[in-house]
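Read off the chains here:
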There are 2 protein chains.
Amino acid sequence: MAEDMSEIFKHKQRSRLIDVARRAGVSVITASRALRQPELVAPETRERVRQAVEALGYVPNPAAQALAMARSRVIGVVIPSVTNSVFAELLRGVMDATEGTPFHLQFANTRYQTRREEELVRLFAAQNPAGLIVASIDQSPASRAILTGMGCPVVQVMEIGPEPIDIMIGCNQTEAARAAVRHLIEQGYRRIGFLGARMDPRAQRRLAGYRQELESAGLAEPLRVLTTPEPSAVTVGRRLMADFLAQYPEADAVFCVNDDVALGALFECASRGLRVPRQMGIAGFNDLDMAQGAEPGITSVRTHRYAMGRQAVAAILEAAEGRRPEPAVIDLGFSLMVRGSTRRMGGA
Amino acid sequence: MAEDMSEIFKHKQRSRLIDVARRAGVSVITASRALRQPELVAPETRERVRQAVEALGYVPNPAAQALAMARSRVIGVVIPSVTNSVFAELLRGVMDATEGTPFHLQFANTRYQTRREEELVRLFAAQNPAGLIVASIDQSPASRAILTGMGCPVVQVMEIGPEPIDIMIGCNQTEAARAAVRHLIEQGYRRIGFLGARMDPRAQRRLAGYRQELESAGLAEPLRVLTTPEPSAVTVGRRLMADFLAQYPEADAVFCVNDDVALGALFECASRGLRVPRQMGIAGFNDLDMAQGAEPGITSVRTHRYAMGRQAVAAILEAAEGRRPEPAVIDLGFSLMVRGSTRRMGGA
DNA sequence: CTGTTAGCGCGTTCAC
DNA sequence: GTGAACGCGCTAACAG
């Protein structure tokens with residue numbers, strides 16, 4: 001009876017290093033060395049250990065390693081949102097770069113809540129991770145303090161700003177937004193609006209870029225801005241565009257905080273028979289696949305999110321090998337992808 | 001000099017349980033109990049410990065806990081792909097359900113490769129996770145063997161099938177596909193094609209549903225199927241639709257393996273002046289936000305991915321509290337969302 | 001209600 | 001080249 005119970009999800013011990021050692025006829029430490037510093041072990045011993053590992057399907061216990069080394073092989077990833085597809089590409093970069101390494105990825109999302117972020121950072125800190133990737137540059141003072149004393153490289157991604165904790169990899173959101181708005185102006189649009197959803201800090205900086213560019217072109221009066229606290233989505237974009245047209249019927253273009261909203265705006269125009277780009281120019285941000293695939297294609301700002309993910313991990317791996325990376329701000333830039341949704345001036 | 005070096009990412013020890021105990025003037029074990037089984041500790045002692053924890057900002061070391069308990073607080077999540085947005089909602093459910101619990105989420109993706117899946121499952125097994133969520137029901141025999149002996153609940157999500165390892169939560173993909181195709185037939189479409197990308201097992205079963213439904217309606221000759229090995233995307237959908245129209249100019253509808261492809265198909269029709277739904281019906285799968293926001297809206301099959309994520313975690317939490325869940329297959333069903341892209345018969 | 005003892009699996013000293 | 005001893009921080013058994 002008692003034995004039946006113990007079978008219930010009770011951990012059946014998998015092979016330990018000592019099992020490997022016994023099977024190979026060596027001491028535990030020799031087995032350990034054979035795996036971690038093979039060059040210090042006689043080739044023949046090394047081979048016996050290798051065979052034992054294979055035969056037993058030995059995989060080291062990460063908890064024991066972490067405890068003994070005071071350092072785990074976890075790379076923590078903190079993102080503000082999972083639904084937002086921009087983070088999907090970042091994650092792809094992170095996952096690809098982690099593949100084939102002995103590191104594991106642990107995730108958490110803050111939902112753009114400062115309190116949650118602090119709690120998460122604290123939780124990660126307790127794990128002595130190999131590194132931490134944070135998809136934001138807007139940490140609270142408390143979070144920043146913990147991150148600074150983390151004892152491992154902290155990489156802030158998506159965006160760059162003035163004071164990196166360790167490393168920052170991203171692009172200047174304000175400048176990128178300005179480039180998009182500048183393009184609209186160059187295409188002859190004059191009454192350019194802004195559509196925004198869930199105005200997180202990154203969105204705020206895009207809005208700032210929009211405003212700056214209009215100001216420097218003398219087109220800032222009046223400012224046609226419409227935002228909603230909801231998270232962005234195609235359906236939200238439609239509703240925003242509908243409201244925007246009601247509020248600013250004279251507008252001739254919109255810069256959207258991202259491609260989801262832009263696509264919604266495009267559909268709303270389509271359903272009203274508003275011609276894009278002739279009567280209404282639409283520009284987005286992020287250059288998701290849907291912007292490229294739309295008809296007409298949606299002009300958008302491409303940022304290099306996949307590369308950010310890869311480089312963030314690369315920096316952590318480097319630090320794990322003992323080379324402490326210099327605090328650095330790495331600007332990966334952006335590219336304006338001009339497509340049919342804003343091409344009003346003859347392209348020839 | 002040596003001290004300078006030791007400062008470099010050397011772990012500065014955070015507060016340990018023993019520090020808490022000393023500060024509270026009790027033994028380590030009392031402190032431990034105060035945190036884990038408060039009811040067994042005198043209220044006043046409990047309070048002293050609580051204050052010490054707060055003052056020191058104590059967070060338990062998960063590695064040490066995992067080692068001592070032979071069980072970690074990690075919930076492993078294995079998904080085939082990160083770019084595919086269907087997994088985003090699953091993850092949202094998983095993350096939401098994990099919030100406020102002492103569990104961490106660890107992720108990995110298989111890229112639909114059997115070998116990678118085996119390796120990952122093995123790696124997770126070494127961690128003695130609290131549970132494992134696998135977004136697939138197509139495990140290789142080797143993976144299955146490891147999963148079966150995992151010693152923790154294994155939840156297969158997204159789809160249901162005949163032989164659950166422990167728990168399966170999802171919906172019947174074949175039936176769901178049939179429902180969509182049946183709807184097309186009911187709307188009067190007769191020459192219905194199938195557009196597919198990266199035909200993973202789940203996609204294969206949708207294709208099977210498509211075929212079964214056409215067969216039972218006597219419309220299976222000829223079968224108009226076009227697929228590509230690329231991962232699905234809006235741009236891919238456009239190309240598929242273009243090729244499909246060239247190959248089957250007589251077709252009057254398409255059932256697309258997912259909404260990304262369906263949206264691409266819709267755009268391709270728009271760019272050719274093909275009227276949807278009059279001349280061409282389009283149905284998708286997953287009911288992403290973009291399907292709802294499109295113009296016309298895209299008819300799609302809604303599956304309850306968020307709920308799957310939540311329930312998967314819930315089952316693991318339950319098991320962690322000692323109640324071993326019965327092996328079970330939980331069918332969350334699906335809903336056909338009928339929208340403008342297929343509404344050909346007068347709706348009044 | 002509280003404390004003592006022992007060990008989880010591995011890595012880091014040191015010796016040999 | 002190899003091995004013995006000890007400790008990482010915590011928890012599970014027992015005592016008291």
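Residues numbered from 1 in each chain as written. Chains lettered and ligands numbered in written order. Predicted model: local features only at pLDDT ≥ 70, side-chain atom pairs only at ≥ 80, totals over all residues. Heavy atoms only, no water.

Peer 1: How would you sum up the environment of Gln187(A)? Please name residues and give values.
Peer 2: All names here are of chain A. With respect to the secondary-structure elements, Gln187 resides in the loop between helix H9 (173-186) and strand E6 (192-197). The class of Gln187 is buried, set by a relative accessible area of 13%. Aside from chain neighbours lying at most four places away, what touches Gln187 is Thr342, Arg343, Arg344 and Met345. (Helix = DSSP H or I, 4+ residues; strand = E, 2+ residues; numbered from the N terminus. Buried < 20%, exposed > 50% of the residue type's maximum accessible area, 1.4 Å probe, protein only. Contact = heavy atoms within 4.5 Å.)

Peer 1: Tell me about the relation of the copies chain B and chain A, and name the residues and values.
Peer 2: Mapping chain B onto chain A calls for a screw motion: a turn of 180° about the axis and a shift of 0.1 Å along it, with 0.2 Å RMSD after fitting. These values place the two chain copies in the arrangement generated by a two-fold rotation axis. An overlap of 100% is found between the interface residues of chain B and their copies at the interface of chain A, pointing to a shared contact surface. (Least-squares fit on C-alpha atoms with pLDDT ≥ 70 in both.)

Peer 1: Any chance you could break down the packing of aromatic side chains for me, citing the residues and the numbers?
Peer 2: By the definition in use, this model includes 8 aromatic pairs over all chains. Judged by centre distance (5.6 Å) and plane angle (5°), the ring pair of Phe267(A) and Phe267(B) falls under stacked. Highlighted residues: Phe267(A) in helix H12 (residues 259-272) and Phe267(B) in helix H12 (residues 259-272), drawn from two different chains. The class of Phe267(A) is buried, set by a relative accessible area of 3%. One aromatic cluster in this structure is built from Phe194(A), Tyr210(A) and Phe255(A). Looking at Arg206(A), its charged tip hangs above the ring of Phe285(A), at a distance of 3.9 Å from the centre. The ring of Tyr189(A) has Arg344(A) sitting right over it, with the charged end atom 4.0 Å from the ring centre. (Phe/Tyr/Trp six-rings, centres within 6.5 Å; stacked < 30°, edge-to-face > 60°. Lys NZ or Arg CZ within 6 Å of the ring centre and 35° of its normal.)

Peer 1: Explain the UniProt feature "domain: HTH lacI-type" (unreviewed entry) in chain A to me, and be specific about the residues and the numbers.
Peer 2: The UniProt entry lists residues 15-69 of chain A under the feature "domain: HTH lacI-type" (unreviewed entry), expressed in the numbering used here. Across residues 15-69 of chain A, the secondary structure splits into 71% helix and 0% strand, with the terminal C-alpha atoms separated by 20 Å. (UniProt positions renumbered as here; feature names shortened; annotations may be inferred.)

Peer 1: Account for the packing of helix H5 (residues 62-69) of chain A against helix H5 (residues 62-69) of chain B, with residues named and values stated.
Peer 2: In the contact formed by H5(A) and H5(B), the axes pass within 8 Å of each other and the chain directions differ by 130°. As the angle between them shows, H5(A) and H5(B) are arranged oblique. Note that H5(A) runs across H5(B); the crossing there is left-handed. Seen from H5(A), the contacting residues are Ala63(A), Ala64(A), Ala66(A) and Leu67(A); seen from H5(B), they are Ala63(B), Ala64(B), Ala66(B) and Leu67(B). Of the residues assigned to the contact of H5(A) with H5(B), the class counts are 8 nonpolar, no polar and no charged. (Axes fitted to C-alpha atoms, helices over the stretch in contact; angles between N-to-C directions. Parallel < 35°, antiparallel > 145°, perpendicular 65-115°, else oblique. Left-handed = near helix turned anticlockwise from the far one by under 90°. Nonpolar A, V, L, I, M, F, W, Y, C, P; charged D, E, K, R; others polar.)

Peer 1: Quick rundown of the side chain of Ser341(B)? Include the residues and the values.
Peer 2: All names here are of chain B. By secondary structure assignment, the location of Ser341 is in the segment after strand E12 (334-337). Owing to a relative accessible area of 0%, Ser341 belongs among the buried residues under this scheme. Setting aside its immediate chain neighbours within four residues, Ser341 contacts Tyr189, Val276, Pro277, Met280, Gly281, Ile282, Pro296, Gly297, Ile298 and Thr299.

Peer 1: Please provide a residue-by-residue account of the pairing of strand E2 (residues 104-109) of chain B, values included.
Peer 2: Across the 6 residues of E2(B), 6 count as buried, placing the element largely inside the fold. The pairing of strand E2 (residues 104-109) of chain A with E2(B) spans 3 bridges and is antiparallel. Paired with Phe107(A) across the two strands is Leu105(B), which belongs to E2(B). When strand E1 (residues 74-79) of chain B meets E2(B), the two strands line up parallel, connected through 6 bridges. Residue pairing in the sheet places Val77(B) in a bridge with Phe107(B) of E2(B). The handedness of the E1(B) to E2(B) crossover, carried by helix H6 (residues 86-98) of chain B, is right-handed. (Pairing = 2+ DSSP bridges. Right-handed = clockwise from strand over helix to strand, strands pointing away.)

Peer 1: Describe in detail a positive patch on the surface, supporting the description with residues and values.
Peer 2: Residues and elements named next belong to chain A. Residues Arg190, Arg275, Arg278 and Arg344 make up a contiguous surface patch of positive charge. With respect to the helices, strands and loops of the structure, Arg344 is situated in the segment after strand E12 (334-337). Here Arg344 falls in the partly exposed class, since its relative accessible area comes to 31%. (Patch = residues over 30% accessible without salt bridge, like charges linked within 9 Å, V, L, I, M, F, W, Y side chains within 5 Å. Areas by Shrake-Rupley, 256 points an atom, 1.4 Å probe, with all protein chains shown as cover. Salt bridge = Lys/Arg side-chain N within 4 Å of Asp/Glu carboxyl O. Lys, Arg positive; Asp, Glu negative; His and termini not counted. Charge placed at Lys NZ, Arg CZ, Asp CG, Glu CD.)

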